[in-house]
Amino acid sequence: MEEFKNFLTKYWGGIVGGIIALILACTGLYRIIVGIVLVFIGIWAGNYFQHNKSKVKEKLKEFVDKM
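Right, let's walk through the structure included here. (Residues numbered from 1 in each chain as written. Predicted model: local features only at pLDDT ≥ 70, side-chain atom pairs only at ≥ 80, totals over all residues. Heavy atoms only, no water.)

Topic: the overall build of the protein
How we decide: Secondary structure elements are taken from DSSP: a helix is a run of H or I of four residues or more, a strand is a run of E of two residues or more, and numbering for both begins at the N terminus. C-alpha atoms define the radius of gyration in this analysis, and the globule rule sets the expected value at 2.2 Å times the number of residues to the power 0.38. Residue burial is assigned from relative accessible area. The probe radius is 1.4 Å, only protein chains are included, and a residue is buried under 20% of its type maximum, exposed over 50%, and partly exposed in between. Each accessible area is a Shrake-Rupley estimate made with a 1.4 Å probe; only the visible protein chains count as cover when residues are assessed.
Secondary structure summary: the protein contains three helices and zero strands in total. For 67 residues, the compact-globule formula gives about 11 Å, and the C-alpha radius of gyration of the protein, at 21 Å, lies well above that figure. Along the three orthogonal principal directions, the C-alpha set of the protein runs to about 60 × 30 × 25 Å. In the protein, buried positions account for 6% of the 67 residues. When the accessible surface of the protein is summed, it comes to about 6,400 Å², and 70% of that surface belongs to carbon and sulfur atoms.

Quick look at helix 1 (residues 2–27)
Counted only if it meets this: The span one expects for a helix is its residue count, reduced by one, times 1.5 Å. Two axes are fitted around each residue, one to the seven residues ending there and one to the seven starting there, and the angle between them is reported as the bend at that residue.
In a regular helix each residue adds 1.5 Å, so 26 residues correspond to 38 Å; helix 1 covers 35 Å between its end C-alpha atoms and thus fits that length. Largest kink in helix 1: about 70°, centred on Tyr 11. One or two residues past the end of helix 1 sits Gly 28, with phi positive at roughly 85°.

Digging into the packing of aromatic side chains
This is how it is decided: Any two of the Phe, Tyr and Trp rings considered here, Trp counted by its six-membered ring, make a pair once their centres fall within 6.5 Å; the pair's planes then place it as stacked at under 30 degrees, edge-to-face at over 60, or tilted in between.
What the rule picks out here adds up to three aromatic pairs. With centroids separated by 5.2 Å and ring planes inclined at 50°, the aromatic side chains of Phe 7 and Tyr 11 adopt a geometry described as tilted. Here Tyr 11 and Phe 7 lie together in helix 1, a separation of four residues that amounts to about one turn. The interplanar angle of 65° and the centroid separation of 6.2 Å between the aromatic rings of Tyr 48 and Phe 49 together place this pair among those described as edge-to-face. Members of the aromatic cluster, joined through ring pairs, are Trp 44, Tyr 48 and Phe 49.

Considerations on the environment of Cys 26
In this fold, Cys 26 is placed in helix 1. In the structure, Cys 26 is positioned 40 residues away from Lys 66 in sequence and 45 Å away in space, judged by C-alpha atoms.

Points about helix 3 (residues 53–66)
Compared with an ideal rise of 1.5 Å per residue, which puts 14 residues at 20 Å, helix 3 spans 20 Å between its outermost C-alpha atoms and is within 8% of the ideal. A small share of helix 3 lies buried, amounting to one of its 14 residues.

Some points on a nonpolar patch on the surface
What counts is decided by this rule: Patch membership requires over 30% relative accessible area and the absence of a salt bridge. Like charges are linked within 9 Å, and nonpolar side chains (Val, Leu, Ile, Met, Phe, Trp, Tyr) within 5 Å. The salt bridge criterion pairs a side-chain nitrogen of Lys or Arg with a carboxyl oxygen of Asp or Glu, the two atoms within 4 Å.
A grouping of Leu 29, Tyr 30, Ile 32, Ile 33, Val 34, Ile 36, Val 37, Leu 38, Val 39, Phe 40, Ile 41 and Ile 43 is seen on the molecular surface, where their side chains present a nonpolar patch of about 1,100 Å² in accessible area. Inspection of the secondary structure puts Ile 33 in helix 2 (residues 30–51).

Nothing here speaks to function; it is all geometry.
Below is the structure:
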């Protein structure tokens, strides 16, 4: 019983995360969450590009030149 208790205390985050992932997969809510995450990634990328325009242009130019 003590070993099981140690296992739970060591891996409780993974167990809870797995249960939440299973619930999301069964209900189809993962599509909404993926959409929200993609929106936030787009917002972050747009903000980054706006504030670091010269760096982004330089890196894109280097990338294109390598091709």
